[in-house]
Amino acid sequence: MAAGVSDAAVKRTSAVRSAWREREVRGLLAAQITSEVGDQFARVAVTLLVLQRAGSTLLAALVLALSYVPSVAGGFLLGTLADRLPRRNLMVACDLLRAVVVVALAPVVLHAPLWVPFVALLVVEFVSVPFDAARSATWPDVVPEPDRLQAAIGVSRTLQQVSLVVGLALGGVLVATVSPGVALYVDAATFVVSAGVLLRTLRHRARPAGGEPERWLRSIRSGARAVVTEPARRALIVLGWLVGAFAITPEAVALTYAGQHGMPGAGGLLLAAVPLGGAVGAAVVSTRSPQVAVRWLLPAVTASCVPLVLTWLDPGVSGALALWVVAGFFQGLVLPTIMVAVNLATPAALRGRVAALAGAGFALLSGLGLAAAGALTDAWSPQAAVGAAGVVGLAVAAAAALLWPRDELAALVAGGPPHVRPAPAQPGGPAVPPG
């Protein structure tokens, strides 16, 4: 028994290490962190510009919240591009288009009407949707083995959380010390760097077999059917959506809670608490096999809700900080595992659309959670809003436990279906070695 466990651990460690020796893995991660930090620069620059010129905290917060709207619309309208076009080419084109939009905005951002930078931000976020869908769909081509895929996506999620914290912090410093225009030029440079890294490190692959162009609406409908018809895939995606609805609550009330306790300067720390815990959780789950990670899903969802419920006791800033880091840690175990399992459950020709629609639903539920948190904070208090979110989360976990397709998920992650093998290389491009 001990020997079997030891052999499994050695095999998993070997699989994890081998993923980092892949040039394409390193390239995808490098492109991700540069472009995501740039995203935060643009978001902070436009939000602070609105705050300075309009003098309205509410309007600035509304701009920040509305910057997530394109993720919903774009998920439905543009996600299909990730299955209709070669994915590396699509990512590079999205990076360059975002750079052009931001460079065009930078010289006029200080003097243009406020709707101009706001619309530019929406365009950048809209173009990010097919980029993110293509990147998510590319992971199983680069690391088709389930253990290595779990490791790669776990670290990708860790870097996403780190990029959020670092990007917001550096973006705020850059805008405050220099100007929003300079921050936007730096943002554009990160997109160009990301495009260059992808061209240099990622092999060119044809669009996936079965991804031939079809009518746009029919393509969208086929992606939607792929989300709702297969039980394991549906359960994973819906769980991710519901986690997004209550997981956003601490970030939504952080500044208000800190101000309520006479420590407005601690608001930034509270904002970073959940992403910080999420980064650690994603790093931990990246070292586990998909079989273990899937078994952790429902317990981790439940555990992530307990600190939220305890926030209702009003533990003060330091107590809330500790509780929210713990909540973020358990959330960090959940989302990378869902991403891996959904990729394993989805044929290559549908992965882009499924990723985009899953992201759209996650953004929509997160936005609704943000609105609900604000309403509950105004009606009751920030700690009550977080506590209520925890109660809702526990109810979600209990319902999921009754309906969870355990056998289907266990079979899915045991070895990975054949459609996660890499797509063939485009004629004339470098060959893709078999997985």
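To start, this report covers the structure provided alongside it. On a predicted model such as this, the values are computed, not experimentally measured, just so you know.

1. Observations regarding the packing of aromatic side chains
What the rule picks out here adds up to three aromatic pairs. Taken together, a centroid distance of 6.5 Å and an interplanar angle of 25 degrees make the contact between Trp-312 and Trp-380 stacked. Within this pair, whereas Trp-312 is found in the loop between helix H14 (290-311) and helix H15 (316-345), its partner Trp-380 is found in the loop between helix H16 (351-379) and helix H17 (382-403), the two being separated by 68 residues in sequence. Ring plane angle 80 degrees and centroid distance 5.2 Å describe the contact between Phe-329 and Phe-330, whose orientation is recorded as edge-to-face. One Lys or Arg, Arg-98, reaches over the ring of Phe-131 and ends 4.6 Å from the middle of that ring.

2. Details of a nonpolar patch on the surface
Taken together, the side chains of Val-306, Leu-310, Leu-313 and Leu-394 present a nonpolar region at the surface, about 350 Å² in accessible area. Assignment of secondary structure puts Leu-394 in helix H17.

3. Structural notes on the packing of H16 against H17
The geometry of H16 relative to H17 is characterised by a closest axis approach of 7 Å and an angle of 135 degrees between their N-to-C directions. In this view, H16 runs oblique relative to H17, as classed from their interaxial angle. For H16 against H17, the interelement crossing comes out right-handed. Contact with H16, carried on its side by Ala-373, Leu-376 and Thr-377, involves Pro-382, Ala-385 and Ala-388 of H17 and no other residues of that element. Grouping the constituent residues of the contact of H16 with H17 by class yields five nonpolar, one polar and no charged.

4. A closer look at helix H11 (residues 231-247)
Owing to its 3.6 residues per turn, the α-helix brings residues three or four apart onto one side. Between its first and last C-alpha, H11 extends 24 Å over 17 residues, near the 24 Å set by a 1.5 Å rise per residue. For H11, the set of buried residues is Ala-232, Arg-233, Ala-235, Leu-236, Ile-237, Leu-239, Gly-240, Val-243, Gly-244, Phe-246 and Ala-247. For H11, the side-chain oxygen to backbone nitrogen distance between the N-cap and Ala-232 is 3.1 Å, and the N-cap itself is Glu-230.

5. A short note on the pattern of salt bridges
Scanning the entire structure with this criterion turns up eleven salt bridges. Among the salt bridges present, the one from Arg-353 reaches Asp-83, with a minimum N-O distance of 2.7 Å. Note that Arg-353 is positioned in helix H16 and Asp-83 in helix H5 (residues 81-84), a separation of 270 residues in sequence. By relative accessible area, Arg-353 is classed as buried at 6%. A salt bridge links Arg-351 to Asp-141, with the shortest nitrogen-to-oxygen separation between them at 2.8 Å. Within this pair, whereas Arg-351 is found in helix H16, its partner Asp-141 is found in helix H7 (residues 115-142), the two being separated by 210 residues in sequence.

Scoring rules and cut-offs
- Residues numbered from 1 in each chain as written.
- Predicted model: local features only at pLDDT ≥ 70, side-chain atom pairs only at ≥ 80, totals over all residues.
- Heavy atoms only, no water.
- Phe/Tyr/Trp six-rings, centres within 6.5 Å; stacked < 30°, edge-to-face > 60°.
- Helix = DSSP H or I, 4+ residues; strand = E, 2+ residues; numbered from the N terminus.
- Lys NZ or Arg CZ within 6 Å of the ring centre and 35° of its normal.
- Patch = residues over 30% accessible without salt bridge, like charges linked within 9 Å, V, L, I, M, F, W, Y side chains within 5 Å.
- Areas by Shrake-Rupley, 256 points an atom, 1.4 Å probe, with all protein chains shown as cover.
- Salt bridge = Lys/Arg side-chain N within 4 Å of Asp/Glu carboxyl O.
- Axes fitted to C-alpha atoms, helices over the stretch in contact; angles between N-to-C directions.
- Parallel < 35°, antiparallel > 145°, perpendicular 65-115°, else oblique.
- Left-handed = near helix turned anticlockwise from the far one by under 90°.
- Contact = heavy atoms within 4.5 Å.
- Nonpolar A, V, L, I, M, F, W, Y, C, P; charged D, E, K, R; others polar.
- Expected span 1.5 Å × (residues − 1).
- Buried < 20%, exposed > 50% of the residue type's maximum accessible area, 1.4 Å probe, protein only.
- Polar contact = N/O pair within 3.5 Å; in protein donor to acceptor, adjacent residues only side chain to side chain.

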